[in-house]
Amino acid sequence: MYRKVDEHIIERLEAIVTSKGVIRDAEKLIDYAGDEFPDPSIRRPPEVVVKPRTSAQVSEILKLASQERIPVTPRGAGTGLCGGCVPLYGGIVLSLEEMNQILEIDGQNMITVAEAGVTLGNLQEAAAEAGLFFPPHPGDESAQLGGLVNTNASGARAVKYGGVRNYVKGLEVVLPTGEIITLGGKHLKDSTGYSLLNLLIGSEGTLGVVTKVVLSLLPKPQAVYTLVVPYESLDSAIKAVPEIRNKALPMAIEFIEHEVIPPAEELLGKRWPCRAKAYLMIMVDGTSDAEVLRILESIGDICLRHGAAIQDVGELCIADTPRKQEDILDIRSSLYLALRKNMIEVLDIVVPPARIAEYVAEVHRISERYDLWLPNYGHTADGNVHTHLMKVKPSEGKPSQEIPGWGEKYPLVRKELHQKAKELGGMVSGEHGIGLVKKEYLPLFIHPTQIKLMREIKKLFDPKNILNPGKIF
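It should be emphasised that the depicted structure is a prediction, and the values quoted were computed from it without experimental measurement. (Residues numbered from 1 in each chain as written. Predicted model: local features only at pLDDT ≥ 70, side-chain atom pairs only at ≥ 80, totals over all residues. Heavy atoms only, no water.)

In this structure the tally under the stated criterion is 4 aromatic pairs. Between the aromatic rings of Y2 and Y89, the centroid separation amounts to 5.5 Å while the plane-to-plane angle is 50°, which identifies the pairing as tilted. On the criterion of sequence distance, the pair formed by Y2 in the segment before α1 (7-17) and Y89 in the loop between β3 (72-75) and β4 (92-95) is long-range, its members being 87 residues apart. Since its relative accessible area comes to 16%, Y2 is described here as buried. Relative to Y279, the ring of W272 lies with its centre 5.6 Å away and its plane at 65°, an arrangement referred to as edge-to-face. Given a relative accessible area of 2%, W272 falls into the buried group. (Phe/Tyr/Trp six-rings, centres within 6.5 Å; stacked < 30°, edge-to-face > 60°. Helix = DSSP H or I, 4+ residues; strand = E, 2+ residues; numbered from the N terminus. Buried < 20%, exposed > 50% of the residue type's maximum accessible area, 1.4 Å probe, protein only.)

Structure, rendered in C-alpha cells:
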C-alpha cells in the first residue's frame, strides 16, 4: 500500500531540510512513536523523522510523499491522549518543533500570528508582556499551537471563554499535494462561502498540515481568584454548578473527587487547602479585586444552599495571592500525571452540563459493580468528565494493590461508560479528539451519513490517504 523510506528517499529529504533536519537513529525514533496515551502497545516508530523550518520545506516534503505514496504523520509536542500522532504505517513523522517563532503580536487588532511549533506557554508569556491574554488552557503548556488547533483543544476555561476554535481567525495550511493555502486572516468576521477554516480545526492532521496560525487575544484580566469549595457529597457539588454558571459565569468550574488529590500532593510535595469527599474549584476573573470578591461572595451563597461543607461564606478557601493560586492549580494540573503510572486510559466523555451528575453517578455504580477504581474530575460547567480507568485500587495506610482481572474488566467498563454517555445525549470526546484509540466508538455517537460525509471530505483533501492515515475512521 505504502512505499518504504529507502536511501533514495532519505537523500531527497536531506536535500530539502539538510541532514540536520532528518532523524534516522533507531533510539531517537522511539521518541516519536506516539503520544501520552498510557498503553505502550499502540506505539509505532516511524521510518524517519523530518523537521522542517519553513512552510516551503513542508510543501516539498508533502510533494515528495504524495509522488511516492509515503505516509506522513504530522506531530506537535506529543501531548495528546488518544494516539493521534502514532505513525501507524511507519513512513515519515513530520515534526513542527523547529517552526517555533511568534511572528507578530498585533496589539491594535489584539491578534497574534505564530508558527505551528510555538508552545502554549511561550504564547501566553508573549501575550502577557503585551498586556493581552490567550484564554484556552488545555493543561500542558508544552503543547504546540498546531496540535491545539488540530484537536480543537479547550480545557478548564471553556465555560466562559470557549475553546481554541473561538480564537482561530486564520491558518496557513499545506495540503497533502504540497499546495499551500491561506484561510481567514486578521478580520474577525467572515461569511464568505463554506468555512474551510473551521473544517481544518479539529481535523487531527488528516486533511492538511497547519504551519501558521492567526489567533485573537483578549485584554489581560486585572484580577483572578481561585475558590475551593468542599463537599461531603459529589452529587451536591455538581448540582450547584448550573446556578453558579447562570448567575456568575466564572472562568472555570472544576469538580474533583478527593481520592485523586493525595497522589498529586505526594508527587508535588504540596497540600490541597481543605479536606472533604469532593470539591468544586472555581476560578473567577474581572476588572478589579472588588468586582471579583463580590462575585465570589455570591458563589459562596449558592454553594451553601447546595450543601457545601462549611458553616458560612467566611470559611471558603479563597486563593487571593499568586502563590496560593499556583499551589492549587499545580495540584489540579498534576492529577493526570499522578495517576498515569497505574492508569489504563483516561476518558474524555462530554454530556449536557445539566446531566453531568447522572453520568458521574453511573460511573460510581459501574465502579462498584466491576470493582474497578474509576476516579473522576472534570470541567463541570461544560459537561466534560475525565474518568480514569485504573489498574490499581488505593488502600488506606497500605500500598496500592493491583486489581484482579483488570484486563478483562477494562473493555466492558469502557463500553458501558460510552453507552451511558450516548444515552444522556453526550459525545465520545470533548477536547482530546478521536485519534487512534477511540475510533470504535465514533459509530455509536455519529450517524452513518455523517461518517460517510467525513470520509468523502478526507478523500477530497487526501485522495492517496498519505496524511495521518488510520486516524478518526
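For the rest of this paragraph, the subject is a nonpolar patch on the surface. A cluster of nonpolar side chains, namely Y194, L196, L199 and I457, defines an oily patch on the protein surface of about 410 Å² accessible area. By the element assignment, L199 lies in helix α7 (residues 196-200). Since its relative accessible area comes to 30%, L199 is described here as partly exposed. (Patch = residues over 30% accessible without salt bridge, like charges linked within 9 Å, V, L, I, M, F, W, Y side chains within 5 Å. Areas by Shrake-Rupley, 256 points an atom, 1.4 Å probe, with all protein chains shown as cover. Salt bridge = Lys/Arg side-chain N within 4 Å of Asp/Glu carboxyl O.)

Among the structural elements, P230 can be located in strand β12 (residues 223-231). A C-alpha to C-alpha distance of 7.0 Å links P230 and C274, two positions 44 residues apart in sequence. Other than its neighbours up to four places away in sequence, P230 contacts C274, A276, A278, Y279, A308, A309 and I310. (Contact = heavy atoms within 4.5 Å.)

Let's shift gears to the side chain of Q57. For Q57, the location among the structural elements is in helix α3 (residues 55-68). Contact partners of Q57, with chain neighbours within four places excluded, come to I16, V17 and P52.

Our focus in this paragraph is the nonpolar core. Counting residues in hydrophobic clusters, the biggest one holds 116 residues, and the most contacted among them are L171, W272, L280, I282 and Y359. Judged by nonpolar contacts, the second largest core, of 25 residues, contains Y2, V22, V58 and I61. (Core = buried A, V, L, I, M, F, W, Y, C linked by side-chain atoms within 4.5 Å.)

In this model, α3 (14 residues) spans 20 Å end to end at C-alpha, consistent with the 20 Å of a helix rising 1.5 Å per residue. Where burial is concerned, most of α3 is hidden: 10 out of the 14 residues are buried. Buried within α3 we find S55, Q57, V58, S59, I61, L62, L64, A65, S66 and E68. At the C-terminal side of α3, R69 shows a positive phi close to 55°. (Expected span 1.5 Å × (residues − 1).)

On to the environment of V113. Checked against the element boundaries, V113 lands in strand β6 (residues 111-115). A relative accessible area of 15% means that V113 is categorised as buried. Considering only alpha carbons, one finds V113 and L171, 58 residues apart in sequence, at a separation of 9.2 Å. Contacts of V113, omitting those with residues within four sequence positions, involve I102, L103, E104, K186, V213 and V214.

We now examine the sheet that holds β6. Taking strand neighbours across the sheet as the criterion, the 5 strands line up as β5-β6-β10-β8-β9 in an open arrangement whose pairing is antiparallel. The open sheet has two free edges, formed respectively by β5 (102-106) and β9 (180-184), since each of these has just one partner strand. For this sheet, the mean inter-axis angle between neighbouring strands, taken without regard to orientation, is 10°. Each of β5, β6 and β10 (209-216) touches helix α4 (residues 120-129); the most contacted strand, β5, lies at about 35° to it. (Pairing = 2+ DSSP bridges. Axes fitted to C-alpha atoms, helices over the stretch in contact; angles between N-to-C directions.)

Our next topic: the environment of I238. Mapped onto the elements of the fold, I238 is located in helix α8 (residues 234-248). When the C-alpha atoms of I238 and E254 are compared, they prove to be 9.3 Å apart, with 16 residues separating the residues in sequence.

Turning next to helix α16 (residues 448-461). Residues lying three or four places apart along an α-helix face the same way, a consequence of the helix completing one turn every 3.6 residues. Between its first and last C-alpha atoms α16 spans 20 Å; for 14 residues at 1.5 Å apiece the expected length is 20 Å, and the two agree. Among the residues of α16, I451, K458 and F461 are the ones counted as buried. Looking down the long axis of α16, one finds its buried residues gathered within 90° of arc, a one-sided arrangement. Set apart from the buried face of α16 by more than 90 degrees, the exposed residues are P448, K452, L453, K459 and L460. The secondary structure elements touched by the buried residues of α16 are α7 and α15 (442-445). (Arc of directions from axis to C-beta.)

Let us now look at the sheet that holds strand β2 (residues 48-50). In any sheet, the strands associate via hydrogen bonds between backbone groups, in a parallel or an antiparallel arrangement. The mixed open sheet is built from 4 strands, whose spatial order is β1-β2-β4-β3. Across the chains shown, the open sheet's two edge strands, defined by having one partner strand only, are β1 (22-23) and β3. In the packing of α1 onto the sheet, the strands contacted are β1, β2 and β4, and the crossing angle to β2 comes to about 20°.

On to unusual backbone geometry. Located in the positive-phi region is M110, a residue other than glycine, with phi close to 50°. Following the sequence through the fold, M110 ends up in the loop between β5 and β6. The class of M110 is partly exposed, set by a relative accessible area of 29%.

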